[in-house]
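Close look at the chain arrangement
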Amino acid sequence: MDWNTIHWPAGAPAWLIILLAVVFADSLRRRIPFIRERVSGGRAAILLSLRALLYVVILFFLSGPTILEEKNRALPPRVLVLVDTSASMSVKDESQNRSRLESAMGILLKRSDSVEVPGSAEGGGLLQRLSESYDVRVAGFDTVSNPLRQEDMMNLEAAGPGSDSLRAIRLGVAGNDGGAGEPGENKQDRPAAILLLSDGGDTAGSSWPPEDVGRMPPVLTLGFGSSRRFRDISLHDVRAPRLAFEGKEVQLEVTLLVHGFVGKKLPIALTRDGRVVSTQTVDVRRDSSGKKVRFRFTPRDVGSQVLAVETPVQRGELVESNNRVEIPLEVRRNKIRILTISGAPTWNYRFLRMALKRDPSIDLVSFVFLRTSEDDPGVPTRQLSLVPFPVDTLFLEELKNFDIVIFDNFAANQYFSNYYLQRVNDYIRGGGGFLILGGKNSFSSGGYVLSPLERVLPVRLLRKDDFSARVRMTGKLTTAGSRHPIMRLSSDPRSNERLWSGFPALRQGNLTVAGEEGAVLLSSQAEGEFNGAPLIAVRRIGEGRVLSILTDDMWRWNYGMVADEKTNRLYLRLVAQMIRWLSGDPATSQVQILPEAVPGKDGSYVIRMQVRDVKFEPAAGARVRLSLRDPYGGLHQMPAVYRPETGEFEARFRPRGKGSYRAEVIALMGEKPLGHSIRTVAVGGEAGGAEWADVRPHWERLRVLSKKTGGVFLPAGEGEDKKRVFGDRVLEVLKGKVPPVLVEVRDVRLWSIPWVAFILILLPAGEWTLRRLWGLA
Amino acid sequence: MSPDRYWSRRNVLQGAAGLAAGAFAFPWAAFGQSGPETPSDSEESQSEIFPPGFVPGHIRYRGGRWQEYPSALSSMLEEVGNRTSIDVAGDARVVTLSDPALFDHPFLYLSGRYEFEIPSNKDIERLQRHLTYGGFLLVDDGLGFLNEGFGRSARELIRRLFPREPLEPLSSGHAVFRSYYLIGSIGGRQSISQALEGVQLGKFTPVVFCRNDLGGAWAKRPDGGWAEECRPGGEPQRKAAFQLAVNIALYAMTGNYKQDLIHHPIIQRRLNQG
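Residues numbered from 1 in each chain as written. Chains lettered and ligands numbered in written order. Predicted model: local features only at pLDDT ≥ 70, side-chain atom pairs only at ≥ 80, totals over all residues.

**Regarding the overall build of chain B**
Looking only at helices and strands, chain B has 9 helices and 7 strands in total. For chain B, the proportion of contacts with a sequence separation of at least 24, taken over those separated by at least 6, is 76%. (Helix = DSSP H or I, 4+ residues; strand = E, 2+ residues; numbered from the N terminus. Contact = placed C-beta atoms within 7 Å.)

**So, the interface of chain A and chain B**
Every contact between the two is made by 47 residues of chain A and, on the other side, 43 residues of chain B. Of all elements in the fold, only helix H7 (347-357), strand S16 (362-368), strand S20 (467-468) and helix H12 (555-565) of chain A reach the threshold of two or more residues within the side of chain A that touches chain B. The element contributing the most residues to the side of chain A that touches chain B is H7 of chain A, with 6 residues.

**Observations concerning unusual backbone geometry**
For residues other than glycine, phi is negative in most cases, and the peptide bonds are mostly trans. In this model, Trp208 of chain A is joined to Pro209 of chain A through a cis peptide bond whose omega is 0°. Looking at the element boundaries, Pro209 of chain A is found in the loop between strand S5 (193-198) and strand S6 (219-223). Of note, the amide linkage connecting Arg231 of chain B to Pro232 of chain B takes the cis form, showing an omega dihedral of 0°. Despite not being glycine, Asn409 of chain A has its phi angle at roughly 50°, a positive value.

**Some details on the pairing of strand S15 (residues 336-342) of chain A**
All names here are of chain A. Of all 7 residues making up S15, 6 are buried, and the element is well covered by its neighbours. In terms of strand pairing, S15 meets S16 through 7 bridges, oriented parallel. Along S16, the bridge assignment pairs Leu339 with Val365. Each parallel crossover has a hand, and for S15 linked through H7 to S16 it is right-handed. With 5 bridges joining them, S15 and strand S17 (residues 404-408) adopt parallel strand pairing. When the sheet's bridge partners are listed, Thr340 is paired in S17 with Ile406. (Buried ≥ 20, exposed ≤ 12 C-beta atoms within 10 Å, placed from the backbone. Pairing = 2+ DSSP bridges. Right-handed = clockwise from strand over helix to strand, strands pointing away.)

**With respect to the sheet that holds strand S10 (residues 265-272) of chain A**
Residue and element names in this part refer to chain A. In spatial order, the strands read S8-S14-S13-S10-S11; together these 5 strands make up an open sheet with mixed pairing. Of all the strands in the sheet, the pair left with one neighbour each is strand S8 (243-245) and strand S11 (275-283). If you compare each strand with its neighbour and ignore which way they point, the axes differ by 30° on average. Two elements, strand S13 (residues 303-310) and strand S14 (residues 324-332), share 8 bridges in a ladder whose sense is antiparallel. Its bridge partner being in S14, Val309 is matched across the sheet by Val325. (Axes fitted to C-alpha atoms, helices over the stretch in contact; angles between N-to-C directions.)

**Side note on the confidence of the model for chain B**
Residues and elements named next belong to chain B. In the predicted model, chain B carries a mean pLDDT of 82, and 80% of its residues have values of at least 70. Taken together, the stretch residues 1-50 has pLDDT below 50 and engages in 54 contacts with residues farther than four places along the chain or on a different chain. The complex prediction reports pTM at 0.64, with the ipTM value standing at 0.83. (pLDDT = per-residue confidence, 0-100.)

**Brief notes about the packing of helix H2 (residues 41-62) of chain A against helix H17 (residues 754-773) of chain A**
Between two packed helices, what matters for the description is the angle formed by their axes and the separation of those axes. Residues and elements named next belong to chain A. Put simply, H2 and H17 touch, their axes get as near as 10 Å, and they point 160° apart. Here H17 runs roughly antiparallel to H2, going by the angle between their axes. For the crossing formed where H2 meets H17, the hand is left-handed. Of H17, the residues touching H2 (which contributes Ile46, Leu47, Leu50, Arg51, Leu53, Leu54 and Val57) are Ile759, Leu760, Leu763, Pro764, Gly766, Glu767, Leu770 and Arg771. Of the residues that constitute the contact of H2 with H17, the class distribution is 11 nonpolar, 1 polar and 3 charged. (Parallel < 35°, antiparallel > 145°, perpendicular 65-115°, else oblique. Left-handed = near helix turned anticlockwise from the far one by under 90°. Nonpolar A, V, L, I, M, F, W, Y, C, P; charged D, E, K, R; others polar.)

**Description of the pairing of strand S3 (residues 107-112) of chain B**
All names here are of chain B. Counting buried residues along S3, 6 of its 6 residues qualify, which places the element largely inside the surrounding structure. In S3, alternate side chains face the same way, and those of Phe107, Tyr109 and Ser111 on one face and Leu108, Leu110 and Gly112 on the other are all buried. Pairing of strand S1 (residues 57-59) with S3, which is carried by 2 bridges, proceeds in the parallel orientation. Its bridge partner being in S3, Gly57 is matched across the sheet by Leu108.

**Quick look at the nonpolar core**
Soluble globular proteins: nonpolar side chains tend toward being buried together. Residue and element names in this part refer to chain B. Ranked by internal contacts, the top residues of the largest apolar core, which has 148 residues, are Ala245 and Ala249. Sort the elements by how many residues they give to this core and helix H8 (residues 235-254) lands first, with 12 residues. If we skip the residues at most four places from it in the chain, Ala245 touches Met76, Glu79, Val80, Leu214 and Trp218. (Core = buried A, V, L, I, M, F, W, Y, C linked by C-beta atoms within 7 Å.)

**Regarding the environment of Ser85 of chain B**
Along the chain, the position of Ser85 of chain B falls in the loop between helix H4 (72-83) and strand S2 (93-95). Judged by C-beta crowding, with 20 C-beta atoms within 10 Å, Ser85 of chain B ranks as buried. With 165 residues separating them along the chain, Ser85 of chain B and Leu250 of chain B place their C-alpha atoms 10.0 Å apart. With near-sequence residues (within four places) excluded, Ser85 of chain B lies in contact with Ala344, Pro345, Phe369, Leu370, Arg371, Thr372 and Asp375 of chain A.

**Overview of helix H9 (residues 418-429) of chain A**
All names here are of chain A. Here H9 contains 12 residues, and its C-alpha end-to-end distance of 16 Å stays within 8% of the 16 Å for a straight helix at 1.5 Å per residue. Within H9, burial applies to Leu421, Val424, Asn425 and Ile428. Buried residues of H9, seen end-on, are gathered within an arc of 105° and therefore sit on one face of the element. Buried residues in H9 make contact with S17, strand S18 (433-437), strand S25 (534-541) and strand S26 (544-549). Remark: Gly431 follows H9 within two positions and exhibits a positive phi of approximately 125°. (Expected span 1.5 Å × (residues − 1). Arc of directions from axis to C-beta.)

**Examining the sheet that holds S1 of chain B**
Residue and element names in this part refer to chain B. Taken in spatial order, the 7 strands make up an open sheet running S2-S1-S3-S4-S7-S6-S5, and their pairing is mixed. In this open sheet, the two edge strands, each paired with only one partner strand, are S2 and strand S5 (168-169). When strand S6 (residues 197-201) meets strand S7 (residues 204-210), the two strands line up antiparallel, connected through 4 bridges. If you follow Leu201 over to S7, its bridge partner there is Phe204. Where helix H6 (residues 149-161) meets the sheet, its contacts fall on S3, strand S4 (136-141), S6 and S7, and the angle it forms with S4 comes to roughly 155°.

**What to know about the environment of Leu550 of chain A**
Residue and element names in this part refer to chain A. Relative to the elements of secondary structure, Leu550 occurs in the loop between S26 and H12. Through-space distance from the C-alpha of Leu550 to that of Ala533 is 9.3 Å; in sequence the pair is 17 residues apart. Every residue in contact with Leu550, bar those within four places of it in the chain, is listed here: Gly438, Val459, Gly509, Asn510, Thr512, Pro534 and Leu535.

Spelled out as C-alpha cells, the structure:
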C-alpha cells in the first residue's frame, strides 16, 4: 500500500462536512464543563481528546480519502489482428504471382502452398503461435470491419470497395472489433496491441499519422505489396461538372498515375457511349507522378449521358479496371426561353413574373399591353416608356426561338389576325409549349372561338362570353391530375391531395367544358352549379404541349399560402413544374427509365421502365423497345415486358461487366408515340472507383503509424531480414511491446481497509471504557 | 365601384359594343344560371360581379389620422383607369394589418400627417410577410418632415419591418420612374423633396416613400373641384402627382418589367430626346 498515492476522487458534499464539523465543535464545547465537573483535569483532557479525535476521523473519512492499489493479473493481454480485405489486396505483386491477401493469409494460417512464407518455418501459422501467449481477436476490414472466424479466413476475398484501416483501429481500441453495436470506450476490451496486415491503401482521405494516434496502443504493421514488381496505369480523381448545358463547353480533368512504364507514350481517349470523341497522347517521363489530363467537350443532346476517359491496357499491367474512368453528365437546355404576352397589367402577371424570374435557367421576354386605344395618357408618346408591339418580328420570325409561349388574359384578335394565330398553332404542333391563362380577355371572352388556337386547346369553348366573376373556384384534383407531373406537389398521393384541397378558392374564371381527343383534365371546379368545369387541363398536340388554366386569379394561390402557411413554396413549385412540362423536360415524360438496374438470381440484371398514357396511367398495351449500349460500346436491342403487379415494364439482360449502361427506350401505343427516354443505368455499382485509383503499396503510411504508436513496421512481402524467421520476429517485437502480465490498478477507499475501519471502532470503545472506569455514566 | 366610375367612358363603350353585337351573353346562361345584375344594382354587388384587378388596401392605424383625404384614392384610381389598361376598382378597401383581407390587396397605401401608434409585433410580421412575398406599400407623408409627425412614425415602422434594409433615395434610373411615364419630377400637394425613397429587397422595391403629400394633390371636393391647391408649382405639380400614381401602380403590378432588355433602346432614345 503506497500512502503517497492518497487522493480524494469523491466524498460527502462539502456542505455536509462543514455542517457536521460545526455540530461536532458545538458538542465538544458543551461537553467540556460537564466533564471537568466530574473528573480531574488530566482525565478530562484525555476523554475530550479521544472524542475530538473521533470527530476528526469521522470528518476525514467522510471526505472520501482513496489510495491506489496495484495488482498483477495473469490474464493474457489481448491482441487485435486486422486484415485488410479491400480490393487492392487482390493485386498479384507478391512473390510466386500471389496476391497480397494470399500472402497475408499464408503468414497467419500457414497454408500448405505458402512454402516461401517466412512465418511457416516454425510449426503453425502466426495466428496459432500468437494464441499461445495472447488473447487474439481477428477482424477483416475494408471501409467497415467485421470479426473473422477461422472458417471465414480460409475463403477470404479481397473485394472491399475501399480501405479505412484507421477506422478499424479506432473501433478496435473502443472495444468493438467489428461486431454489432456502437463503439464505446471499454477498458476491458481494449487491445494491448494491434497487428495490422495491409498494403497501406487508404480511400478515406485520412491524415497519416492521424491526430488521435496518441490514444492508440502499439500498432505492429505488416506491409504487403511490392513496389518493385508493381506495374500499373490508373485514371482517377475526376474533376467534371455533374450538370452541363446544351451547347456550352465543359472542361473535364482526370489524373493519370503510371508505375513501371517510364518512356511509354500512352494514348488517352475521351469516349461517349463507346465512341471516341477526342484523343491525346501522354509521354510518360517519370514514374509514380500524377499527371492531369484535360479534355474539352461540348454536349449537343439534352439528357443524361456517360462520358469515359480511357487508355489501353499495357502488357504486364497488374490492374486493368482502373484504365477507364466514367464521367456521368446531366445535360440540360441552355436556357428555357419564354415569351409572355399579357392583355393588361394584372396581379396574375406580377406573381407569375416573380416566380419565373426566380429561376436563372429561364430567359423571359414579356410584353404587357399597358394601354389600349381607349386610354388617354394625356401626354405625347415621346414622354411615355411604351414600346410598339413587334407582332411581325415575334410571330413570323422569332416564335421558333421560344420554348414556351404564354398568352395571359390576352385577346389576340384585338391586335392581329388569325394568320398570326395559325403561326402559333404551327409552333405548337412543331414542338412548342403553349400556356393560355384565363381572364375576361381570354378563351371565348377573348375571341378565340373558331380561331386557329381553339383547335389545339384542351377545353371546348362555349359560343358566348365565358368569363365570370361570380364563381367560387375550388380546384379538385382529378385522377389523372393526381398522377401528372405538373400537379405533383408532394410525392405522397394523399399528401398531394391534401395540399391541393388547402389552396384558397379563386373568385373569377372562364367556364368551359372538358375537351375531347387527347385532352386531360387535371383539376376541375369542385362545388356549386359549375361543378366539373375545367380549371387546369393539358393536351399533347403533334410534338407540342398545351396547358390551359381557366382563371386569371391564380395569384391568390401565392398570396393565400403566404397568409396561411407563411410561404409561397407550393405556388413556386407549381409554376416550376408547369414550365418543366411545357418545355418538354425529360423528367416529365410519360416514359421513364428507373436509374438502378436490379440484379437477378442468374447473373442477369433487370431494367425497369414506367410507361404511361396521356392520363399518366400505366400503358399496359404499349409496345416498348429498349436499346442498351454497354460501357465498351456494344449495342443490344431487347423487348420489354409489362408486369401488371407493379405497373412497370421490365427488360432482362446479362451485363458484360460493372459500369454505366446507356439505356434508350421508345414506347408506342398503336402507331402513336407515347414518348421516349434516355438514361444512364448503373449496373453493379460504378466501374473502378476510389479503391482502384491508386493501388501502389503505401508502406510509408504504415511506417509512420507504427512509429507514432510505439509499434514496429515489418515489410512482409520483401522479407528484408532473410536470416530471421518472420513469425519469430513478430512475436519477439510483440513481446517487447506488450508485457505478458497485465498490471491492474484500482482505487481503494480508505475506510474499506479493515484495520483502518478498526480505528473508527477503537476510538469510541476506548472512550466508553475510560468513562466507565472513571465513574462517568 | 362609384357611380361615376361605372358610367366611365370605357364602360359605356363596352356596353354599347356589346349591345350592338347582340352577343352580350354571359357564361352562366350556359349553366342555367340567372342573368347579370343590372347597372342600377348597389355598388357592393357590382364589385362582386366584376372584382377589378387593382383594389388598393388603405391601411387604417391607431393614433394620428389614417385618412386625411377620403376622396384621394378614388380620384387616383379613376385617373389610372383612364390612362392605362389596368382594370381598377372605384375606390380602395380599408384594411387593418390584422385584417384577414390584407392579403387580398397586394397594393397597400399608408398615409397621414401625424404620429401614429406603431403596430404590434404580430401585425408588423404580417405586413413584412405581405411585402416580402410580392406585395407593395406606398407611404404618403402629408407633412413631409423627416423626424416629426407621420414621417417619424412611418420611418420607425419601416425600420422595424426591414431592420437590415435601409430606406434610401431611389436612383433616377429606377423602374418606378419609367414604368409608364418618363418621370422627371415628383409631384404632390407640396414640394418638399424631389426624390422618392424606397426599401430594396432583391431586385424589387416593395416600399416607396413620398414626402410630397400625393393624396393631397389627388383629392377632390364633393363638387368635383380639387380639394387642395398644389404649392408652389400649381397644376403642373398636380399633373406630376397623377403621373407618379400611374407609374407606382404599374410598378407594383409589373415589377421591373420596364428594365427588361427589350425596352432599353426605345426608352433611352426618348430620354435622350428630352
